[in-house]
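Results of the structural survey
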Amino acid sequence: NRYFNGWRWQEWKAGYNDEDVQPCLDYFEKLFTALSDRSQGCYCTVFRLHLDPCWTNDPNKTVVGEGGEHNISQFSAQRLVRYWKSLYSKLMEKALAHGLYVILRPPGVCPKDIKVGDDYQSYLKTVWGTVTQANVLKEHSGHVSIELANEPVHVYAADGSSSKSALRDFFQPVIDVIRDNGFNGVIWVPGAGYQSQYADYAQY
């Protein structure tokens, strides 16, 4: 997202379009070159790539409910495919070429309340089911890992109740989609409470 990069590669304008892709790629090539230069004494070994919703959201869709990065009402699976091919996968490959490990995270953040079988679980299955079909991801599974979701807060059972099995029941089906596609790399599974509460996984 050019906003989160201080407008360094593109000034503000309405929407994100294909002509924005190359300036973004060029900007990150400069970053990767600098960040991986060990002669400076301080260097980077890991790049966390946010599949930012500024690319995957369709601005022609109406926002349903409260806006923000947790809102998936404008998500477009077609745009995810388009920008995976033209932007995200190329950023990943550039990072790998500079010797960086890459962690992929899905577009946006978790809504405050999620539950088993809800739209957000379906959304994560769509995102990771789409992305992990890419051969390039499987070929680099030793250097690329997947962060299932960003900072879930409250995770509930399908009936809306609190349950110690809710985290497992929410994220295991998403993992199953990824593994069924043949990705065998590391998967970062979040806990509740903004990725701070993992105790329920010990039981489930």
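Quick summary incoming for the structure in this document. Everything numeric here is computed off the predicted structure, so don't read it as measured data.

A few points about the nonpolar core
Grouped burial of nonpolar side chains is what soluble globular proteins tend to show. The biggest cluster of nonpolar side chains holds 53 residues, and the ones touching the most others in it are Met-92, Leu-104, Trp-128 and Leu-137. It is helix α3 (residues 77-97) that provides the largest number of residues to this core, a total of 9 residues.

Thoughts on helix α6 (residues 166-180)
Here α6 contains 15 residues, and its C-alpha end-to-end distance of 22 Å stays within 8% of the 21 Å for a straight helix at 1.5 Å per residue. A bend of about 25° at Gln-172 is the largest found in α6, and the proline Pro-173 appears one to four places after it. Those residues of α6 not exposed but buried are Ala-166, Leu-167, Phe-170, Phe-171, Val-174, Ile-175 and Ile-178. Looking one or two places after α6, you find Gly-182, whose phi comes out positive at around 95°.

A closer look at the packing of α3 against helix α4 (residues 119-131)
When two helices pack together, their arrangement is given by the angle between the helix axes and the distance between those axes. Running from N to C, α3 and α4 cross one another at 30°; their axes reach a closest spacing of 10 Å. Of the possible angle classes, the one that applies to α3 and α4 is roughly parallel. Between α3 and α4 the crossing geometry is right-handed. Each of Ala-77, Leu-80, Val-81 and Trp-84 in α3 lies in contact with α4, whose residues at this interface are Thr-126, Val-127, Thr-130 and Val-131. Per-class residue counts for the contact of α3 with α4 are 6 nonpolar, 2 polar and no charged.

Section: the packing of helix α1 (residues 21-35) against α3
α3 packs onto α1 with a crossing angle of 10° between their chain directions and a minimal axis gap of 10 Å. In this view, α1 runs roughly parallel relative to α3, as classed from their interaxial angle. Here α1 contributes Val-21, Cys-24, Leu-25, Phe-28, Glu-29 and Phe-32 to the contact with α3, which in turn contributes Tyr-83, Ser-86, Leu-87, Lys-90, Leu-91, Lys-94 and Ala-95. Per-class residue counts for the contact of α1 with α3 are 9 nonpolar, 1 polar and 3 charged.

Rules and cut-offs
- Residues numbered from 1 in each chain as written.
- Predicted model: local features only at pLDDT ≥ 70, side-chain atom pairs only at ≥ 80, totals over all residues.
- Heavy atoms only, no water.
- Core = buried A, V, L, I, M, F, W, Y, C linked by side-chain atoms within 4.5 Å.
- Buried < 20%, exposed > 50% of the residue type's maximum accessible area, 1.4 Å probe, protein only.
- Helix = DSSP H or I, 4+ residues; strand = E, 2+ residues; numbered from the N terminus.
- Expected span 1.5 Å × (residues − 1).
- Bend = angle between axes of the 7 residues up to and from the residue.
- Axes fitted to C-alpha atoms, helices over the stretch in contact; angles between N-to-C directions.
- Parallel < 35°, antiparallel > 145°, perpendicular 65-115°, else oblique.
- Left-handed = near helix turned anticlockwise from the far one by under 90°.
- Contact = heavy atoms within 4.5 Å.
- Nonpolar A, V, L, I, M, F, W, Y, C, P; charged D, E, K, R; others polar.

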